[in-house]
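Fold and contact review
So the chains spell out like this:
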Amino acid sequence: MIDGHSVLGVILACGGSEGLPCKNVRDLAGKPLIAWTIEAGHESEYLDRLILSSDDEEIMKIGRDYDCEVTFQRPSKLAQDDTPSMDALLHEIEQVESQNYVVLLQPTSPIWTADDIDATNAHCHQNDGKPCVTVTKTGKPPQWMYTLEEKNRVESVMDRDERITRRQEAPTTFIRNGAVYLAATAWLRD
């Protein structure tokens, strides 16, 4: 809870990954990948409730083993590789008691802490529930990025008249790191 506003943490974890099969249950430094996310959620100062949404029995068992609430098995139509996370998240929040804020914690980004969850939550709350995401500084500016086109021709990903040839002249840029997504529940529903 943050200033009287309730906070729901949701972990979305499918079992049928094509890129890395069984990724959520694979061992990472002595415990299943998903356990790192569950533990960070439990350590958060603001999460009132932490639930796991999955279609996979093994993932759900691990969730329960780590004291994460598993409300039900997610329908398979919401657990496909091409299913948008937003669809699964909205389905999950419609099934449980309403909370003021919803935090989506992705188990495939385990190198973060409860402090990251709480800082994102505090920022979201200070901005009246507008969506917040965690980001990471990029290693290279987008002005130096290209796509490889036909006949190995490179094309800049940005249309810019201004050339940046020195790192010091490039603006600082960030990319979503996939760890924490947070918004007011009403905003998500709208």
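Please refer to the structure placed before this passage.
Residues numbered from 1 in each chain as written. Predicted model: local features only at pLDDT ≥ 70, side-chain atom pairs only at ≥ 80, totals over all residues. Heavy atoms only, no water.

**Concerning the overall build of the chain**
Within the chain one finds five helices and 10 strands. Projected onto its principal axes, the C-alpha positions of the chain cover 50 × 40 × 35 Å. Taken over 190 residues, the chain has a buried fraction of 42%. Restricting to contacts in the chain with at least 6 residues of sequence separation, those with at least 24 account for 69%. Taken as a whole, the chain presents about 11,200 Å² of accessible surface, with 47% of it coming from carbon and sulfur. One way to put it: in the chain the 19 positive side-chain charges average out to a point 8 Å from where the 32 negative ones average out. (Helix = DSSP H or I, 4+ residues; strand = E, 2+ residues; numbered from the N terminus. Buried < 20%, exposed > 50% of the residue type's maximum accessible area, 1.4 Å probe, protein only. Contact = heavy atoms within 4.5 Å. Areas by Shrake-Rupley, 256 points an atom, 1.4 Å probe, with all protein chains shown as cover. Lys, Arg positive; Asp, Glu negative; His and termini not counted. Charge placed at Lys NZ, Arg CZ, Asp CG, Glu CD.)

**Re the sheet that holds strand E6 (residues 101–105)**
Taken together, six strands build an open sheet; the order of strands is E5-E4-E1-E6-E10-E7 and the sheet is mixed. Whereas interior strands pair on both sides, the edge strands pair on one side only; in this sheet they are strand E5 (69–73) and strand E7 (132–137). Strand-to-strand twist of the sheet, defined as the mean angle between neighbouring strand axes without regard to direction, takes the value 25 degrees. Its contacts with the sheet place helix H3 (residues 85–95) against strand E1 (7–12), strand E4 (49–54), E5 and E6, and it is angled at close to 130 degrees to E1. Of the strands in this sheet, E1, E6, E7 and strand E10 (174–184) touch helix H4 (residues 114–126), which is tilted by about 60 degrees from E10. (Pairing = 2+ DSSP bridges. Axes fitted to C-alpha atoms, helices over the stretch in contact; angles between N-to-C directions.)

**Brief notes about unusual backbone geometry**
Positioned with a positive phi, Asp67 is a non-glycine residue whose angle comes to about 60 degrees. Along the chain, Asp67 turns up in the loop between helix H2 (57–65) and E5. For Lys151, which is not glycine, the phi dihedral falls at a positive 60 degrees. For Lys151, a relative accessible area of 79% translates into the label exposed.

**Quick word on the pattern of salt bridges**
Opposite charge on two side chains permits them to pair, given that their charged atoms come into close proximity. With the rule as written, the count across this model stands at five salt bridges. Note that Glu39 and Lys31 form a salt bridge whose closest N and O atoms lie 2.6 Å from each other. For Glu39, a relative accessible area of 24% translates into the label partly exposed. Of the charged contacts in the structure, one is a salt bridge between Glu69 and Arg49, with a shortest N-O distance of 2.5 Å. You can see Glu69 sitting in strand E5 and its partner Arg49 sitting in strand E4, a full 20 residues away along the chain. (Salt bridge = Lys/Arg side-chain N within 4 Å of Asp/Glu carboxyl O.)

**Observations regarding the nonpolar core**
Ile11, Ile34, Leu52, Val103, Leu105 and Ile117 are the most contacted members of the largest nonpolar core, which totals 29 residues. Broken down by element, this core gets its largest block of residues, four residues, from E10. Beyond its immediate stretch of four places on either side in the chain, Leu105 contacts Val10, Ile11, Leu12, Thr37, Gly41, Leu47, Leu50, Trp112, Ile117, Ala179 and Val180. Ala88, Leu89, Leu104 and Ala183 belong to the second largest nonpolar core, which has 12 residues in total. (Core = buried A, V, L, I, M, F, W, Y, C linked by side-chain atoms within 4.5 Å.)

**Description of H4**
For H4, with 13 residues, the first-to-last C-alpha span of 18 Å sits near the 18 Å given by 1.5 Å per residue. Turning to H4, its buried residues are Ala114, Ile117, Asp118, Thr120, Asn121, Ala122, Cys124 and His125. The inward-facing, buried residues of H4 contact E1, helix H1 (33–43), E6, E7 and E10. In this structure Thr113 caps H4, since a side-chain oxygen of it lies 3.2 Å from the backbone nitrogen of Asp115. Downstream of H4 by a residue or two, Asp128 has a phi angle that is positive, lying close to 60 degrees. (Expected span 1.5 Å × (residues − 1). Polar contact = N/O pair within 3.5 Å; in protein donor to acceptor, adjacent residues only side chain to side chain.)

Don't take any of this as a statement about function, it's just geometry.
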